[in-house]
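Read off the chains here:
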Amino acid sequence: MLLSEKDQPADKAYAKGYTAPSRLRQDIKDAHRTRPSITILCALLDHFIAGTAALASAWLITHHLLFSIVPVPLAGVVIARQLRALENLVHDASHFNWSRHRRRLNDVVGYLLAAAPTGSRISTYRTSHLLHHGRFGTTSDPDRNRYEELELEALPRTSSRAFTAGVARRLLRYQLGWLRELRTNALAPIVTMLWSTVIVGAPAALLMGVRSGATATGVWLFAYFVLLPPLRLVAEADEHVYSDARTVFDATVSNTGWLQRLLFHPHADAYHTVHHMWPGIPHHALRRVHRLLLAEDTEFARRVRTRNRMLTPSRAASPTEPDRVAAKPPSPKFQCSP
């Protein structure tokens, strides 16, 4: 029997709610191995894609303004998506999943390659995020507090119009709350703007002139300040259903649809159930473990809550009848996941 939100003690963290079969525990243990080189390469690829989109946009705006009306907004979405990917790598750094045994390297490189360009500080994010894991479902859980404040579980998914309107109504309050939770001060956006000027604008200026450099920086900052927040809001709203569950496993959703993985949950953020069961598994091994459990554990395959489409309410909204996902063979052991 599942407890309702009213019956769930507000000061008692949810039980984990799942134990992997003993025969799979060595595979799961092996998946905890950090690979700094893979994560660094993933971050550099994110920067390359975002930078290329910004430079291409600057060239189009400078030389073919009329033809830039459609491609430039699309490029902005690409940049925002890559920034969302970097935010997910900040999340990985908060768990020391860049490098577990060289924690100084984890934090320094994670800050330079992921936190600085996205206006985050790993130490403050870690403080807030570990409360989410350690006090999951309580009044100390910052994520649950945002869910209740913004009514994220009530985000309408019946049509694209209703969904977009629901996101728009919540966006300003969400962003203010996000900044408050991160304890972001005035230096964070300044660092981000300086970063974009040096890393994006300066190369564009050298290659195509000062005007193009300023334009590239402007496109990048537009993606950061305007397009990234709704991607982040949707991604966070996808991850949990607190109201009808009493365990972490049942309250967590894996968003495995292609659009979700491509746009809102890059770097294997889609496999959120596995992350909550084993927060020390780095991003590059999450999908492999998710598929391993689907293939090898009937309980996991039966119970895991999934959402495969953005707009159609799935059975993931009910822990007693989760979406069924056909088991797939494990993917290659480590990869830079979309």
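Scroll up a little and you will see the structure.
Presented here is a report on the structure given in the accompanying data block.

Before going further, it helps to spend a moment on a nonpolar patch on the surface. On the surface, Leu-187, Ile-190, Met-193, Leu-194, Phe-222, Phe-225 and Val-226 cluster together into a nonpolar patch covering about 660 Å² of accessible area. Listing elements by their share of the nonpolar patch, those giving two or more residues are α8 (187-208) and α9 (210-238). Per-element tally for the nonpolar patch: the top contributor is α8, with four residues. Owing to a relative accessible area of 41%, Val-226 belongs among the partly exposed residues under this scheme.

Turn by turn, an α-helix covers 3.6 residues, leaving residues three or four places apart pointing in a common direction. Taking 1.5 Å of rise per residue, the 13 residues of helix α4 (residues 103-115) would be expected to cover 18 Å, yet its terminal C-alpha atoms sit only 15 Å apart, more than 12% below that figure. Asn-106, Val-109, Gly-110, Leu-113, Ala-114 and Ala-115 are the residues of α4 that are buried. In this structure, the buried side of α4 is in contact with α2 (36-63), α3 (71-94) and α5 (122-134).

So, on to the environment of Arg-146. Mapped onto the elements, Arg-146 comes out in helix α6 (residues 142-150). Separated by 90 residues in sequence, Arg-146 and Glu-236 place their C-alpha atoms 9.5 Å apart.

On to the nonpolar core. Generally speaking, a soluble globular protein has its nonpolar side chains buried in company with each other. Ile-79, Trp-220, Trp-278, Ile-281 and Leu-293 are the most contacted members of the largest nonpolar core, which totals 75 residues. Tallying contributions element by element places α9 first for this core, with twelve residues. Those residues within four positions of Leu-293 in sequence are excluded, and the remaining contacts are Tyr-18, Ala-20, Leu-24, Ile-28, Val-274, Trp-278 and Phe-300.

Within the secondary structure layout, His-133 lies in helix α5. On the basis of relative accessible area, His-133 is assigned to the buried category, the value being 18%. Residues in contact with His-133, not counting those within four places in the same chain, are His-95, His-275, His-276 and Pro-279.

On to the pattern of salt bridges, then. For the structure shown, the criterion picks out eleven salt bridges. Arg-157 is the partner of Asp-238 in a salt bridge, and the nearest nitrogen-oxygen pair spans 2.7 Å. With Asp-238 in helix α9 and Arg-157 in the loop between α6 and α7 (160-181), this residue pair connects regions lying 81 residues apart in the sequence. There is no split in this pair, since Asp-238 and Arg-157 are both buried. Asp-238 is the partner of Arg-307 in a salt bridge, and the nearest nitrogen-oxygen pair spans 3.9 Å. Of this pair, Arg-307 sits in the segment after β2 (305-306) while Asp-238 sits in helix α9; the two residues are 69 residues apart in sequence, bridging distant segments of the chain. A single burial state applies to Arg-307 and to Asp-238, both of which are buried. When salt bridges that share partners are traced, they join Arg-84, Glu-87 and Arg-232 into one network.

This part is about the packing of α2 against α9. Packed helices, taken two at a time, are described by the angle their axes make and the gap between the axes. One can describe the packing of α2 onto α9 by two numbers: an axis separation of 8 Å at closest approach and a directional angle of 125 degrees. Taken together, the axes of α2 and α9 are oblique relative to one another. Where α2 crosses over α9, the two elements pack in a sense that is right-handed. Seen from α2, the contacting residues are Ala-50, Ala-54, Ser-57, Ala-58, Ile-61 and Thr-62; seen from α9, they are Arg-211, Ser-212, Thr-215, Ala-216, Val-219 and Trp-220. Across the contact of α2 with α9, the residue classes tally to seven nonpolar, four polar and one charged.

Another aspect to go through is unusual backbone geometry. Here Phe-96, not a glycine, exhibits a phi torsion of approximately 60 degrees, which is positive. A positive phi is found at Glu-151, a non-glycine position, where the angle reads about 55 degrees. Here Glu-151 shows up in the loop between α6 and α7. By relative accessible area, Glu-151 is classed as exposed at 52%.

Scanning all chains against the criterion turns up ten aromatic pairs. When the centroid spacing of 5.4 Å and the interplanar angle of 35 degrees are considered together, the rings of Trp-195 and Trp-220 count as tilted. Pair noted here: Trp-195 is in helix α8 and Trp-220 is in helix α9, with a separation of 25 residues, a long-range link. Across the pair, exposure class does not vary: Trp-195 and Trp-220 are buried alike. Ring pairs connect the aromatic residues Tyr-14, Phe-136, Tyr-147 and Tyr-242, which therefore count as one cluster. Its end group placed over the ring of Phe-96, Arg-103 keeps NZ or CZ at 3.9 Å from the ring centre. In this arrangement the basic side chain of Arg-126 is found over the ring face of Phe-96, its NZ or CZ atom lying 3.9 Å from the centre.

Scoring rules and cut-offs
Residues numbered from 1 in each chain as written. Predicted model: local features only at pLDDT ≥ 70, side-chain atom pairs only at ≥ 80, totals over all residues. Heavy atoms only, no water. Patch = residues over 30% accessible without salt bridge, like charges linked within 9 Å, V, L, I, M, F, W, Y side chains within 5 Å. Areas by Shrake-Rupley, 256 points an atom, 1.4 Å probe, with all protein chains shown as cover. Salt bridge = Lys/Arg side-chain N within 4 Å of Asp/Glu carboxyl O. Helix = DSSP H or I, 4+ residues; strand = E, 2+ residues; numbered from the N terminus. Buried < 20%, exposed > 50% of the residue type's maximum accessible area, 1.4 Å probe, protein only. Expected span 1.5 Å × (residues − 1). Contact = heavy atoms within 4.5 Å. Core = buried A, V, L, I, M, F, W, Y, C linked by side-chain atoms within 4.5 Å. Axes fitted to C-alpha atoms, helices over the stretch in contact; angles between N-to-C directions. Parallel < 35°, antiparallel > 145°, perpendicular 65-115°, else oblique. Left-handed = near helix turned anticlockwise from the far one by under 90°. Nonpolar A, V, L, I, M, F, W, Y, C, P; charged D, E, K, R; others polar. Phe/Tyr/Trp six-rings, centres within 6.5 Å; stacked < 30°, edge-to-face > 60°. Lys NZ or Arg CZ within 6 Å of the ring centre and 35° of its normal.

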